[in-house]
Amino acid sequence: MPPLVRRLASLIAGREFARADSRPREPLKRAASPRVRLRTKCGAVAAALLGALALAAPALAANGGLTPPEPESPNAEAINDTYYLLLIVTGFVFVLVQGALIFFVIKYRRRNRPVEAEGPQIHGNTRLEVLWTVVPVVLVAIVVGFVFYKLPEVSDVSRAASEPRDQPNLVIDVAGRQFYWEFTYPDGRVTYDTLVVPVNRTVELNVTAPDHDVIHSWWVPALGGKFDAIPGEVNHTWFRAEREGEYEGACTEFCGLQHNAMTMRVRALGNTQYESELQRLSGSGQEQFNAACAKCHNVEGPQLIGPTLRGNPTLSNRQALAQLVRNGRNAMPPVGRGWSDTQIETLMRYTRRVAEAGNGG
Ligand code: CUA
């Protein structure tokens, strides 16, 4: 065994095991035979391994494994690169430390040595100490350097330009609200829980929450990192979806009873489809209802968090509906505080239909 390794083992354990090995062994008082003890130990190790295996399967199966989703936006790519660098560095350290631990535990186990056996007293080893100071410093320096190199790619909104470059960025106001996401487009149109964007266009997000609301957090993993939606504050982020398709996200700040229902999606489309889809979504009272109302209210069937709406006269009474959604009632948050008359009217068109269908059936 190399002297450096023996020295390290001795330092960790405070004993000179290599020498202790050759000492005469004292007979031990035995409570159980070595074979029984060995079997108990093997049983414990097997149980621990089985437990780890049982937990590993669901962890690997959830969301397609332990790795982050494929990045579909430049900022998400930078985050992904950082993730993998950290994984490599920490993985290396983990294997090194755990490997050494297991090696020393087995190699220098007590065997039949008496518990009171004292090793020689040891004072330091300069070479080892320099080594275990310098290596971690270098590793941390690599991680810090790489993160600072990648950071502007992640957070610098002004650097992010659309493709082709002559297109202006699309600026969207994002409001996290109990318990839905409200997206306001430059021309004032509004969609709920679904953000529709043109593909390859840089989208700047002003993420916030209304003053009366609570903190939410915006996160669509394939399109970049998390940004808190804080009442009274605006956080800026951006993404550029490089592929047509739908990207799933969720509120990642516990914000109340229906936090789990506060999912959202970004739909990236070609230019013409984008226009027609935005038109459809922003005019859809049903989308609005599904986002702002249906998470707590069933139209038919059992009561969810709030009462089932079937036959409720408020659905077809414009003034009562506006009053209710703008002010809330009891446990119901003011989901429509700040809504324009157009927004109330859009919702009304749908709820009136629900009310009529309910009365007819
Ligand atoms: Cu909003 Cu959790």
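All of these numbers come straight from a predicted model, not from anything done at the bench.

Procedures and definitions
- Residues numbered from 1 in each chain as written.
- Predicted model: local features only at pLDDT ≥ 70, side-chain atom pairs only at ≥ 80, totals over all residues.
- Heavy atoms only, no water.
- Helix = DSSP H or I, 4+ residues; strand = E, 2+ residues; numbered from the N terminus.
- Buried < 20%, exposed > 50% of the residue type's maximum accessible area, 1.4 Å probe, protein only.
- 1 Å grid on protein atoms, 1.4 Å probe; cavity = no way out; pocket = protein on both sides within 12 Å on 5 of 7 lines; lining within 4 Å.
- Points joined across faces, edges and corners; volume = space filled by probe spheres on them.
- Nonpolar A, V, L, I, M, F, W, Y, C, P; charged D, E, K, R; others polar.
- Contact = heavy atoms within 4.5 Å.
- Pairing = 2+ DSSP bridges.
- Axes fitted to C-alpha atoms, helices over the stretch in contact; angles between N-to-C directions.
- Patch = residues over 30% accessible without salt bridge, like charges linked within 9 Å, V, L, I, M, F, W, Y side chains within 5 Å.
- Areas by Shrake-Rupley, 256 points an atom, 1.4 Å probe, with all protein chains shown as cover.
- Salt bridge = Lys/Arg side-chain N within 4 Å of Asp/Glu carboxyl O.
- Phe/Tyr/Trp six-rings, centres within 6.5 Å; stacked < 30°, edge-to-face > 60°.
- Lys NZ or Arg CZ within 6 Å of the ring centre and 35° of its normal.

(A) Expanded view of unusual backbone geometry. The linkage connecting Gln178 with the following residue, Phe179, adopts the cis geometry, with an omega of 0°. Position of Phe179 relative to the elements: it lies in the loop between strand 1 (170-177) and strand 2 (180-184). At Asp193, a position not held by glycine, the phi torsion is positive, near 65°. On the accessibility criterion, Asp193 (6% relative accessible area) is buried. In this structure, Asn200 takes a positive phi of about 65° despite not being glycine. Examined against the element boundaries, Asn200 turns out to sit in the loop between strand 4 (194-198) and strand 5 (203-208).

(B) How the structure looks around empty space enclosed by the protein. Tallied over the full model, the rule gives two cavities of 30 Å³ or more. Quantified by volume, the largest cavity comes out at close to 50 Å³. Along the walls of the largest cavity sit Asn75, Leu205, Trp218, Val220, Leu223, Gly224, Gly225, Phe227, Thr237, Trp238 and Phe239, which together make up its complete lining. Looking at the lining of the largest cavity, the element that brings in the most residues is strand 8 (residues 235-239), giving three residues. Here the residues of the lining of the largest cavity are counted per class, giving seven nonpolar, four polar and no charged.

(C) Main features of the side chain of Glu72. Residue position: Glu72 is located in the loop between helix 3 (34-61) and helix 4 (74-107). Residue classification places Glu72 among the buried positions, given a relative accessible area of 14%. Those residues within four positions of Glu72 in sequence are excluded, and the remaining contacts are Ala222, Leu223, Arg240, Ala241, Glu242, Arg243 and Tyr247.

(D) Main features of the sheet that holds strand 1. Taken together, the five strands give an open sheet; going across it, the order is 3-2-1-5-8, and neighbouring strands pair in mixed fashion. The open sheet has two edge strands, strand 3 (190-192) and strand 8, and neither has a second partner. For this sheet, the mean inter-axis angle between neighbouring strands, taken without regard to orientation, is 25°. Across three bridges, strand 2 lies against strand 3 in antiparallel orientation. Within strand 3, the position partnered with Phe183 by the bridge is Thr191.

(E) View of the layout of surface pockets. Put simply, the second largest pocket is a space of about 610 Å³. Lining the second largest pocket are 29 residues, with Cys296, His297, Gly306, Pro307 and Met332 positioned closest to its centre. Breaking the lining of the second largest pocket down by element, the ones donating at least two residues are helix 7 (285-292) and helix 8 (318-327).

(F) Region of the structure containing a nonpolar patch on the surface. On the surface, a cluster of nonpolar side chains totalling about 360 Å² of accessible area is made up of Phe92, Val93, Leu96 and Val97. By the element assignment, Leu96 lies in helix 4. Its relative accessible area of 54% is what places Leu96 among the exposed residues.

(G) Just the packing of aromatic side chains, in detail. Per the stated rule, a full pass over the model turns up 10 aromatic pairs. The interplanar angle of 55° and the centroid separation of 6.4 Å between the aromatic rings of Phe146 and Tyr149 together place this pair among those described as tilted. One end of the pair, Phe146, and the other, Tyr149, are both in helix 5 (residues 126-155), three residues apart, so they sit about a helical turn from each other. Assessed through its relative accessible area of 23%, Phe146 is described here as partly exposed. Joined through ring pairs, the aromatic side chains of Phe103, Phe104 and Tyr108 make up one cluster. Sitting over the ring of Trp219, Lys226 keeps its end group 4.7 Å from the ring centre.

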